[in-house]
Amino acid sequence: MIRFVTLLVLMGLTPQRGGAQAEWRAADPNYAWSFPRDHWAHPAHKTEWWYFTGIVADTADSTRRFGYQFTFFRVGLTPDSLPYRSEWATPALIMGHASVSDLANREHVFSEVLYRPNGHLGRFGKPGDSVIAWSSAPYGTDDRWTLAWRGDGFDFQMRDDAKSIALALSTRPAKPLVFQGPNGYSRKGAGRTAASLYYSFTRLSTDGVVTIGSDTVLVTGESWMDKEFGSNQLADDQVGWDWFSLRLDDGREVMLYLLRSEGGETFARGTMVERDGRTRYIDAADWTLTALDTWRSEETGATYPSRWRLLLPALELNVEILPFFNEQENVTRLVPGLFYWEGAVSVRDADGDRVGEGYVELTGYGTRSRPAI
């Protein structure tokens, strides 16, 4: 799903040049995919992200569980090649977001990085490199954030000593890669460029180490990976989105998103992944999502929906989606005014029994700022 990337509003970061300029490449419905090449960066497109979320458990005590997010964003500044000799004249930024949620103790910790990827502070690898992207850790932490493809899965790590969190996780696909939309062409509206190229690994076996506070824990569990790239996906009146990635205990997965406009209209799409990996694309008319409750952030003043009823009759799905706890908001310091809710959720049936879990992302609440992607 589209991610909340507003970095283009930062003053002075977009190079100004005279004469004819190149244009960002729009998503192509006939794009010729090639893997593993397409796990790496696509600099002709304006925005791109590698997005991992998951829920993992302490290997020594399975009742102690953690939600996590790890994301690298590539934020294009110009589609032109730059004539400057300086290493600081880079055509994109690298931004990283990461969070850990201790589900039992209701503790959520968020960390971020933002650099010019000039080889000293970060870099996007080229196809065939072992590392897809890396950046320096936050100031005060002598380490790197990295994302690597090892041939049969993704490895990633981050550390933030000031926030006392770290991740070092390895993943392996438990189900094949799926496209979100026919040939990975994911519509976001009616406009010509209102689309992205989007694929997912909806069920990744995951193990490694999670640190939060003074605890460093060996963990195992499951994750979801999204990869999207495109240019100018949002319509002018779209102000935010609700995105759901749900792993059901019966072996299916569901991805849903609703893009919200200023006037209250929504543009919605989804994908159901069957047990055998086959996909079924679902339109807004196929499902109903009703917010049942709200939560107000004391830090930002934003009011978010916090519990939902999902009805998907054609797939015999009638469930309630509940946050493990409400306080899972990410508030950045590097991009003033940027905040969003990114949290682990449980999926329950009509009797209240668990039937799955996953992650939800909510953007554009509590602010008039529009995500620029």
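Our structure is the block above this text.
Residues numbered from 1 in each chain as written. Predicted model: local features only at pLDDT ≥ 70, side-chain atom pairs only at ≥ 80, totals over all residues. Heavy atoms only, no water.

> What is the right way to look at the overall build of the protein in this model?
Along the backbone of the protein there are zero helices and 23 strands. The buried share among the 373 residues of the protein stands at 56%. With an accessible surface of roughly 15300 Å², the protein has 48% of that area assigned to carbon and sulfur atoms. (Helix = DSSP H or I, 4+ residues; strand = E, 2+ residues; numbered from the N terminus. Buried < 20%, exposed > 50% of the residue type's maximum accessible area, 1.4 Å probe, protein only. Areas by Shrake-Rupley, 256 points an atom, 1.4 Å probe, with all protein chains shown as cover.)

> Where do I start with the pattern of salt bridges in this structure?
Pairing between side chains becomes possible if they bear opposite charge and their charged atoms approach one another. This structure, assessed with the given rule, holds 28 salt bridges. In this structure, Arg252 engages Asp250 in a salt bridge whose closest nitrogen and oxygen atoms are separated by 3.0 Å. A network of salt bridges, in which partner residues are shared, links Arg65, Lys175, Arg203, Glu222, Arg247, Asp249, Glu253, Arg354 and Glu357. (Salt bridge = Lys/Arg side-chain N within 4 Å of Asp/Glu carboxyl O.)

> Any chance you could explain the side chain of Ser200 here in plain terms?
Among the structural elements, Ser200 can be located in strand β12 (residues 195-212). Among the polar contacts made by the side chain of Ser200, one reaches the side chain of Gln180 at a distance of 2.9 Å. Not counting residues up to four positions away in its chain, the partners in contact with Ser200 are Leu177, Val178, Gln180, Trp224, Met225 and Asp226. (Polar contact = N/O pair within 3.5 Å; in protein donor to acceptor, adjacent residues only side chain to side chain. Contact = heavy atoms within 4.5 Å.)

> It is not clear to me how the pairing of strand β17 (residues 279-283) should be interpreted in this structure. Could you clarify?
A regular strand places its side chains so that they alternate between the two faces of the sheet. Here five bridges tie strand β16 (residues 266-273) to β17, and the two strands are oriented antiparallel to one another. The residue of β17 that forms the bridge with Met272 is Arg280. In textbook terms, the turn of a hairpin is the stretch between consecutive antiparallel strands, and for β16 and β17 this stretch comprises five residues, one of which, Gly277, has a positive phi near 95 degrees. (Pairing = 2+ DSSP bridges.)

> Just checking my understanding: could you explain the nonpolar core for this structure?
Where a protein is soluble and globular, its nonpolar side chains tend to be buried together. One finds Trp50, Phe52, Phe70 and Leu147 to be the most contacted residues of the largest nonpolar core, which totals 43 residues. Top element by residues in this core is β12. It accounts for seven residues. Listed in part, the 29 residues of the second largest apolar core include Leu258, Ala268, Leu317 and Leu362. (Core = buried A, V, L, I, M, F, W, Y, C linked by side-chain atoms within 4.5 Å.)

> Can you help me understand the side chain of His39 in this one?
Within the element layout of this structure, His39 appears in the segment before β1 (47-58). Using a relative accessible area of 2% as the deciding quantity, one classes His39 as buried. Engagement of the side chain of His39 in a polar contact is seen with the side chain of Tyr199, the distance being 2.7 Å. Once residues within four sequence positions are removed from consideration, His39 is found in contact with Trp50, Ile132, Trp149, Phe154, Leu177, Tyr199, Phe201 and Lys227.

> What should I look at first to understand the packing of aromatic side chains in this one?
The description of an aromatic ring pair rests on the distance of the ring centres and on the angle between the ring planes. What the rule picks out here adds up to 22 aromatic pairs. Taken together, a centroid distance of 5.6 Å and an interplanar angle of 90 degrees make the contact between Trp33 and Tyr199 edge-to-face. In this pair, Trp33 is assigned in the segment before β1 and Tyr199 in strand β12, connecting sequence segments 166 residues apart. Residue Trp33 shares its accessibility class with Tyr199, and that shared class is buried. Plain terms: the ring middles of Trp33 and Phe229 are 5.8 Å apart, the flat faces sit at 65 degrees to each other, and that makes the pair edge-to-face. Linking Trp33 in the segment before β1 with Phe229 in strand β13 (residues 215-230), this pair joins segments that are 196 residues apart in sequence. For Phe229, a relative accessible area of 0% gives the class buried. A network of ring pairs unites the aromatic residues Phe52, Tyr68, Phe70, Phe72, Trp145, Trp149, Phe154, Phe156 and Phe201 as a single cluster. Between the NZ or CZ atom of Arg144 and the centre of the ring of Trp134, over which it lies, the distance is 3.5 Å. (Phe/Tyr/Trp six-rings, centres within 6.5 Å; stacked < 30°, edge-to-face > 60°. Lys NZ or Arg CZ within 6 Å of the ring centre and 35° of its normal.)

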